[in-house]
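Here's the letter readout for the chains.
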Amino acid sequence: MGTAPAQLFPEFIVDTLGLDSVIGEVAASLVAAFVVGNIILAFTGVAGPWAKRKVTAAFTDRIAVDRIGPYGLLIIPAAAVQLLAKELIVPEGVDRPTWDIAPILLPASALLGFSVIPMGRIGPINLHLADPEVGFALVFAFASIASVSLVMAGYASSNKYSLLGGLRAVAQNLAYEIPLIVTAMSAVIFAGTLQMSGIVGAQTETLATIGGVAIPSWYAFVNPFAFVLFLTANMAEIGRNPFDIPEAPTEIVGGYQTEYSSAYFVLFYLGEFVHIFLGGAILAVTFLGGASGPGPESIGFIWFVVKIWGFFLFTQWARAAIPRVRIDQLIEIGWKGMLVLSFANLVLTAVIVGVIA
């Protein structure tokens, strides 16, 4: 059996400050959301301008940014100022306000996904905003809004390359979102719940002890085949190599974001990295035990951060090492390979759980 769900972050603020009115509860929820949102934005602020370049440089035997501040860290504010200071150019023929809404929708959809992600504890504080019974379904629903943003940007830009990027995004999400969710359902079958805290709690038991070392019952160990399937589909869902088809600079300039500049380009860039961390968070919760790890529960947030940054490093390794597949290859892999394997995994999981139960 999993552990009982801990007190949610907004509830902690309400109890600590004695905010027992409806207005107080709303204020506590907004404060909690502000804190969690800024933590994620801080991660993306480090990952986009700096970590992405340094990691890729390490894989390709280069130095990358090292002149602006210690270890090049001041490239983070410098890049922000540089991009935001550029003129926002609105091409003729764009469909506004669709063109304006698209870059806002991309990061917003990913940030919404973190509202149901249990991020673990920092001391007595549990960084978990909400824990609905259908949290598993909600997080995928929020994440899937990203494809709407890409289609809106591609259509509204009045640019054939942008339109191709938007259409590729639709084709890719249709081909991989079904295998992604079907594969993740195997974890739901194991846990017996759609509640995110329940899925994490079900992975806190010990699977086996080898040489005095306890192996946790993370579903990545219980069902490594499903873990590999989910990891592959997750890479396609967030559009990272070898599945960065919607923007493919060597083929369609920049795809859906070709006509965007200044703050709008920053929003697209930000949304891309927030979705990477959301993908890592979903992977961690579904297959890697969430915030669980060695040591006391009060440091769970540290383990959660290690896991999502580990996923980020994996995406950068893939970006540096794996060539992009063609659009026809991508669709074929999704529909003829991933879809069949994901349903086979789901049926096998259901049979095994049914026999054991």
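Please read all numbers here as calculations on a predicted model, not as lab measurements.

K.L.:
Please explain the overall build of the protein as it appears in this structure.
P.N.:
A tally of regular secondary structure across the protein gives 13 helices and 4 strands. Relative to the compact-globule value of 21 Å for 357 residues, the protein shows a C-alpha radius of gyration of 21 Å, a close match. Taken along its principal axes, the extent of the C-alpha atoms in the protein is 60 × 55 × 45 Å. Within the protein, the fraction of its 357 residues that count as buried is 48%. Looking at the protein alone, contacts between residues at least 24 apart form 76% of all its contacts between residues at least 6 apart. One way to put it: in the protein the 16 positive side-chain charges average out to a point 13 Å from where the 23 negative ones average out.

K.L.:
So what exactly am I meant to see when it comes to the packing of aromatic side chains here?
P.N.:
Two measures describe an aromatic ring pair: the distance that separates the ring centres and the angle between the ring planes. Under the criterion given, the structure shown has 19 aromatic pairs. Here the aromatic rings of Phe136 and Phe140 are separated by 5.0 Å at their centres, their planes lie at 65°, and the arrangement is edge-to-face. In this pair, Phe136 and Phe140 both sit in helix 5 (residues 135-156), 4 residues apart, roughly one turn of the helix. Note on Phe136: relative accessible area 3%, which makes it buried. Among the residues examined, Phe140 registers a relative accessible area of 7% and is labelled buried. Among the aromatic residues, those joined into a cluster by ring pairs are Phe43, Phe265, Tyr269, Phe273, Phe277, Trp309 and Phe312.

K.L.:
Would you explain the side chain of Ser162 in this entry?
P.N.:
Along the chain, the position of Ser162 falls in helix 6 (residues 160-191). When sequence neighbours within four positions are dropped, the list of residues in contact with Ser162 reads Gly154, Ser157, Gly255, Tyr256, Thr258 and Glu259.

K.L.:
Even after reading the chapter, I still don't get helix 12 (residues 300-321), so can you show me in this structure?
P.N.:
For an α-helix, 3.6 residues make a turn, and residues three or four places apart therefore share a direction. Taking 1.5 Å as the rise per residue, helix 12 with 22 residues should run 32 Å; its terminal C-alpha atoms sit 32 Å apart, in good agreement. On its buried face, helix 12 sits against helix 2 (22-59), strand 1 (121-122), helix 9 (224-237) and helix 11 (262-287).

K.L.:
Could you clarify how one ought to interpret the packing of helix 1 (residues 9-17) against helix 2 in this entry?
P.N.:
For any two helices packed against each other, one specifies the crossing angle of their axes together with the interaxial distance. Direction vectors running N to C along helix 1 and helix 2 enclose 125°, while the axes themselves pass 8 Å from each other. Classified by the angle between their axes, helix 1 and helix 2 sit oblique to one another. In terms of crossing hand, the pair formed by helix 1 and helix 2 is right-handed. When helix 1 is examined against helix 2, the residues Phe9, Pro10, Ile13 and Val14 are found in contact with a partner set consisting of Gly24, Glu25, Ala28, Ser29, Val31, Ala32, Val35 and Val36. Counted by class, the contact of helix 1 with helix 2 contains 9 nonpolar, 2 polar and 1 charged residues.

K.L.:
Help me out: how do you make sense of unusual backbone geometry in this one?
P.N.:
For residues besides glycine, phi is generally negative; the peptide bonds are generally trans as well. Between Arg96 and Pro97 the backbone carries a cis peptide bond, its omega angle lying at 10°. With respect to the helices, strands and loops of the structure, Pro97 is situated in the loop between helix 3 (75-85) and helix 4 (98-113). Positive phi is not limited to glycine here, since Tyr71 has a value of about 55°. You can see Tyr71 is positioned in the loop between helix 2 and helix 3. Overall, the relative accessible area of 66% leaves Tyr71 in the exposed class. Its identity as a non-glycine residue notwithstanding, Ser262 has a phi of 50°, on the positive side.

K.L.:
For this particular structure, what's the right way to read the pairing of strand 4 (residues 213-216)?
P.N.:
Working note: regular strand, side chains alternate between the two faces of the sheet. Note: strand 3 (residues 206-210) against strand 4, 4 bridges, orientation antiparallel. Its bridge partner lying in strand 4, Ile210 is registered against Val213. Here strand 3 hands over to strand 4 after 2 residues, with Gly211 in that stretch at a positive phi of 60°.

K.L.:
Explain the pattern of salt bridges here, please?
P.N.:
Any two side chains of opposite charge can pair, on the condition that their charged atoms come close. Enumeration over the complete set of coordinates arrives at 5 salt bridges. With a shortest N-O distance of 3.0 Å, Asp328 and Arg326 are connected by a salt bridge. Using a relative accessible area of 48% as the deciding quantity, one classes Arg326 as partly exposed. For Glu332, the salt bridge identified is with Lys336, shortest N-O distance 3.8 Å. Placement of the pair is Glu332 and Lys336 together in helix 13 (residues 327-356), with a separation of 4 residues, close to one helical turn.

K.L.:
Got a minute to help me understand the UniProt feature "transmembrane region" (unreviewed entry) in the protein in this structure?
P.N.:
Taken from the UniProt record, the annotation "transmembrane region" (unreviewed entry) applies to residues 26-47, 68-89, 134-156, 176-194, 206-233, 263-288, 300-318 and 338-356. The span residues 300-318 is 100% helical and 0% strand by assignment, and the distance between its end C-alpha atoms comes to 27 Å. The span residues 338-356 is 100% helix and 0% strand, and its two end C-alpha atoms sit 27 Å from each other.

K.L.:
Would you explain empty space enclosed by the protein in this entry?
P.N.:
Counted by the stated rule, this structure contains 1 cavity of 30 Å³ or more. Looking at the largest cavity, it is lined by 24 residues, and the ones nearest its centre are Ala146, Glu237, Ile238, Gly239 and His275. For the lining of the largest cavity, the secondary-structure elements that each account for two or more residues are helix 5, helix 6, helix 9 and helix 11. No other element matches the 6 residues that helix 11 contributes to the lining of the largest cavity. Partitioning the lining of the largest cavity into residue classes produces 13 nonpolar, 8 polar and 3 charged.

Cut-offs used in this document
Residues numbered from 1 in each chain as written. Predicted model: local features only at pLDDT ≥ 70, side-chain atom pairs only at ≥ 80, totals over all residues. Heavy atoms only, no water. Helix = DSSP H or I, 4+ residues; strand = E, 2+ residues; numbered from the N terminus. Rg over C-alpha atoms; globule rule 2.2 N^0.38 Å. Buried < 20%, exposed > 50% of the residue type's maximum accessible area, 1.4 Å probe, protein only. Contact = heavy atoms within 4.5 Å. Lys, Arg positive; Asp, Glu negative; His and termini not counted. Charge placed at Lys NZ, Arg CZ, Asp CG, Glu CD. Phe/Tyr/Trp six-rings, centres within 6.5 Å; stacked < 30°, edge-to-face > 60°. Expected span 1.5 Å × (residues − 1). Axes fitted to C-alpha atoms, helices over the stretch in contact; angles between N-to-C directions. Parallel < 35°, antiparallel > 145°, perpendicular 65-115°, else oblique. Left-handed = near helix turned anticlockwise from the far one by under 90°. Nonpolar A, V, L, I, M, F, W, Y, C, P; charged D, E, K, R; others polar. Pairing = 2+ DSSP bridges. Salt bridge = Lys/Arg side-chain N within 4 Å of Asp/Glu carboxyl O. UniProt positions renumbered as here; feature names shortened; annotations may be inferred. 1 Å grid on protein atoms, 1.4 Å probe; cavity = no way out; pocket = protein on both sides within 12 Å on 5 of 7 lines; lining within 4 Å. Points joined across faces, edges and corners; volume = space filled by probe spheres on them.

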